[in-house]
Amino acid sequence: MTVKAFGAHAADKPLEALDIFRRAPGDHDVQIDIAYCGVCHSDLHTVRGEWAGTLYPCVPGHEIVGRVSAVGGQVSRFKKGELVGVGCIVDSCGRCASCADHLEQYCERGMTLTYNSPTPDAPGHTLGGYSQRIVVNDKHVVKITHREDQLAAVAPLLCAGITTYSPLRHWNAGPGKKIGVVGIGGLGHMGVKLAHAMGAHTVAFTTSESKRQDAKALGADEVVVSRNANEMDRHAESFDVILNTVAVSHDLDAFTRLLKRDGALVLVGVPKDAHPSPNVFNLVLKRRTIAGSTIGGIAETQEMLDFCAEKGIVADIEVIPIQRIEQAYERMLKGDVKYRFVIDTASLAAGPRG
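Counting starts from 1 at the beginning of each chain's written sequence and moves along it residue by residue. Reporting in this predicted model follows two pLDDT cut-offs: at least 70 for local features of residues, and 80 or more for side-chain atom pairs to be given and counted; totals over whole chains, interfaces and linings ignore these cut-offs and use all residues. Based on all heavy atoms of the structure, the side-chain values leave hydrogens and waters out of the count.

Student: Just to check I follow, could you spell out the overall build of the protein chain for this structure?
Tutor: For the purposes of this entry, the term helix denotes a DSSP run of H or I that reaches at least four residues, the term strand denotes a run of E that reaches at least two, and both are numbered from the N terminus. Assigned secondary structure in the protein chain consists of eleven helices and 17 strands. The C-alpha radius of gyration of the protein chain comes to 20 Å, within 12% of the 20 Å expected for a compact globule of 354 residues. Dimensions of the protein chain, computed from the C-alpha atoms along their principal axes, are close to 60 × 40 × 35 Å. Taking the intrachain contacts of the protein chain between residues at least 6 apart in sequence as the baseline, contacts between residues at least 24 apart amount to 67%. Note on areas: these come from Shrake-Rupley sampling with a 1.4 Å probe, and a residue is covered only by the protein chains present in the view. A total accessible area of about 15,300 Å² is found for the protein chain, and carbon and sulfur atoms account for 50% of it. Radius of gyration here uses only the C-alpha atoms, and the compact-globule reference equals 2.2 Å multiplied by the residue count raised to the power 0.38. We call two residues in contact when some of their heavy atoms are within 4.5 Å.

Student: Explain the side chain of Thr126 to me, please; I cannot follow it from the model alone.
Tutor: Inspection of the secondary structure puts Thr126 in the loop between strand S7 (112-113) and strand S8 (133-137). With a 1.4 Å probe rolled over the protein chains alone, any residue whose accessible area is under 20% of its type maximum counts as buried; one over 50% counts as exposed, and the rest are partly exposed. Judged by relative accessible area, which is 10%, Thr126 ranks as buried. In protein, a polar contact means a hydrogen-donor-capable atom and an acceptor-capable atom, both N or O and within 3.5 Å, with residues adjacent in sequence counting only if both atoms are side-chain atoms; elsewhere, any N or O pair within 3.5 Å suffices. Reaching out from Thr126, the side chain makes a polar contact with the backbone oxygen of Leu113 at a distance of 2.9 Å. Here Tyr115 takes part through its backbone nitrogen, which lies 3.4 Å from a polar atom of the side chain of Thr126. Setting aside residues no more than four positions away along its own chain, Thr126 makes contact with Val90, Thr112, Leu113, Thr114, Tyr115, Asn116, Ser117 and Thr119.

Student: Is there a simple way to think about the pairing of strand S14 (residues 259-267) in this case?
Tutor: One face of the sheet, then the other: side chains in a regular strand alternate in exactly this way. Alignment of strand S13 (residues 239-244) against S14, held across five bridges, turns out to be parallel. Following the sheet pairing, Ile242 is matched in S14 by Leu265. Relative to strand S15 (residues 289-292), S14 is paired through four bridges, and the arrangement is parallel. Bridged to Leu267 within S15 is Gly292. When DSSP locates at least two bridges between a pair of strands, those strands are taken to pair.

Student: Explain empty space enclosed by the protein here, please?
Tutor: Rolling a probe over the atoms, with the probe sized like a water molecule, indicates the empty space that remains. Cavity means a closed set of points on a 1 Å grid over the protein atoms alone, one where a 1.4 Å probe fits but cannot get out, pocket means an open set with protein on both sides within 12 Å along at least 5 of 7 lines, and lining means a residue has an atom within 4 Å of a point. Grid points are joined across faces, edges and corners, and a volume is the space filled by probe spheres set on the points. According to the stated counting rule, one finds one cavity of 30 Å³ or more in the structure shown. Estimated volume of the largest cavity: approximately 90 Å³. The wall of the largest cavity is formed by Val86, Gly87, Cys88, Ile89, His140, Val142, Leu158, Ile162, Ile295, Gly296, Ile298 and Thr301. The residue makeup of the lining of the largest cavity, split by class, is eight nonpolar, four polar and no charged. Classification convention: Asp, Glu, Lys, Arg as charged; Ala, Val, Leu, Ile, Met, Phe, Trp, Tyr, Cys, Pro as nonpolar; all other residues, Gly among them, as polar.

Student: Can you help me understand the pairing of strand S3 (residues 29-38) in this one?
Tutor: Where burial is concerned, most of S3 is hidden: seven out of the ten residues are buried. By the bridge criterion, five bridges tie S3 to S8 in an arrangement that is antiparallel. For Val30, the partnering residue across the bridge sits in S8 and is Val136. Pairing of S3 with strand S4 (residues 64-71) involves seven bridges; the strand directions are antiparallel. Bridge assignment links Gln31 to a residue of S4, and that residue is Ala70.

Student: Help me out: how do you make sense of the side chain of Asp29 in this one?
Tutor: Mapped onto the elements, Asp29 comes out in strand S3. Within the local environment of Asp29, its side chain forms a polar contact with the backbone nitrogen of Gly26, the two atoms lying 2.8 Å apart. Excluding anything up to four places from it in sequence, Asp29 contacts Arg23, Ala24, Ala70, Val71, Gly72, Val75, Val135, Val136, Asn137 and Asp138.

Student: What should I look at first to understand the environment of Pro57 in this one?
Tutor: Relative to the assigned elements, Pro57 resides in the loop between helix H1 (41-47) and S4. You can call Pro57 partly exposed: its relative accessible area is 25%. Sequence separation of Pro57 and Ser166 is 109 residues, and the distance between their C-alpha atoms is 31 Å. Once you skip the residues sitting within four places of it in the chain, Pro57 turns out to touch Ala8, His9, Leu18, Pro123, His125 and Leu127.

Student: How should I be thinking about unusual backbone geometry in this particular structure?
Tutor: Outside of glycine, negative phi angles account for most residues, and trans bonds account for most peptide bonds. Look at the link from Tyr56 to Pro57: it is a cis peptide, with omega at 0 degrees. Of note, the amide linkage connecting Lys338 to Tyr339 takes the cis form, showing an omega dihedral of -10 degrees. Mapping Tyr339 onto the fold places it in the loop between helix H11 (325-334) and strand S17 (340-344). The backbone of Asn116 shows a phi angle near 70 degrees, a positive value even though the residue is not glycine. Assignment of secondary structure puts Asn116 in the loop between S7 and S8. A positive phi is found at Asp262, a non-glycine position, where the angle reads about 70 degrees.

Student: Is there a simple way to explain the nonpolar core in this structure?
Tutor: One recurring pattern in soluble globular proteins: nonpolar side chains tend to sit buried together. In this description, a nonpolar core means a group of buried Ala, Val, Leu, Ile, Met, Phe, Trp, Tyr and Cys residues linked to one another through side-chain atoms lying within 4.5 Å. Counting residues in each nonpolar core, the largest one holds 42 residues, and the members touching the most others are Leu168 and Leu194. Elements with a contribution of two residues or more to this core: helix H3 (151-154), helix H4 (160-170), helix H5 (188-197), S13, S14 and helix H10 (298-311). For this core, the element with the highest residue contribution is H10, accounting for five residues. When residues no more than four places from it in sequence are discounted, the contact partners of Leu194 are Gly161, Thr164, Tyr165, Leu168, Phe307, Cys308 and Ile313. With 39 residues, the next largest nonpolar core counts Ile20, Val90, Ile320 and Ile322 among its residues.

Have a look at this one:
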């Protein structure tokens, strides 16, 4: 079937209206009419060729929510009309040790991403959620139990939510733990909300005094302006985990020295340029670690969504028509959004000018 989408034909070309192909649902497929798609920094980096290996035409989008419009004959978990979501993964090998442990994001043969991964479907690589419809194997679809009027704000949970939830769960955030979150943006605002909801003492780090009240409103128990040396010193050797969401190169030593013995600085932001090499003494003298984490597997993504529905957690968003995506990208680069853009895919029907 042919559906309307927005994508780019080259790194130096703007996104524009496209007609793309979607396969008819197979026995194990779920067809989803997309209602909203969140906008991730990964979309911008990929479509503009800032990360190597972009395949064109590129249709970004991996924070997808919508309604089931058809299912294959062997699908039993989903029914027509249900609210569902699709995140960053649409396939994995299903046989390696990571897949067996429900950690498809670490598939040893390589997961298939929602966009920009090789696939038998035309045009030879996956096309994402800046489109009216998508067809996905039912193993990689998740149920949404939030209220329908929250659907747009649920979309970013499929990437920003799980990217912060997964490391918080892995490093056992909860009551009795002191958790730091560096950066109050698309990822960081979700990290603060989730760590607080898990019962941890949550400290937000920001470079801007103007964000202090915003961070408190998100659920931070304390807020530290990281440029203030006195504020930083007051937290020396006190954190169990610091989740670093910042996607620009910066000095990690300022945060490793705030960790307790056996504490972990967990990086989820991916900068264009490498961080300066950390001071080894800060690590070895307290058995501290610098670690990384990506999204979660499908089971953990479902767990995250259920947790967020129970706790009433959604992303803070600004809904836009698809025709404003280039302006949204420029605003993202300036940090001019609180805290995530979400595309209303109904705007695709309006064509290029909206």
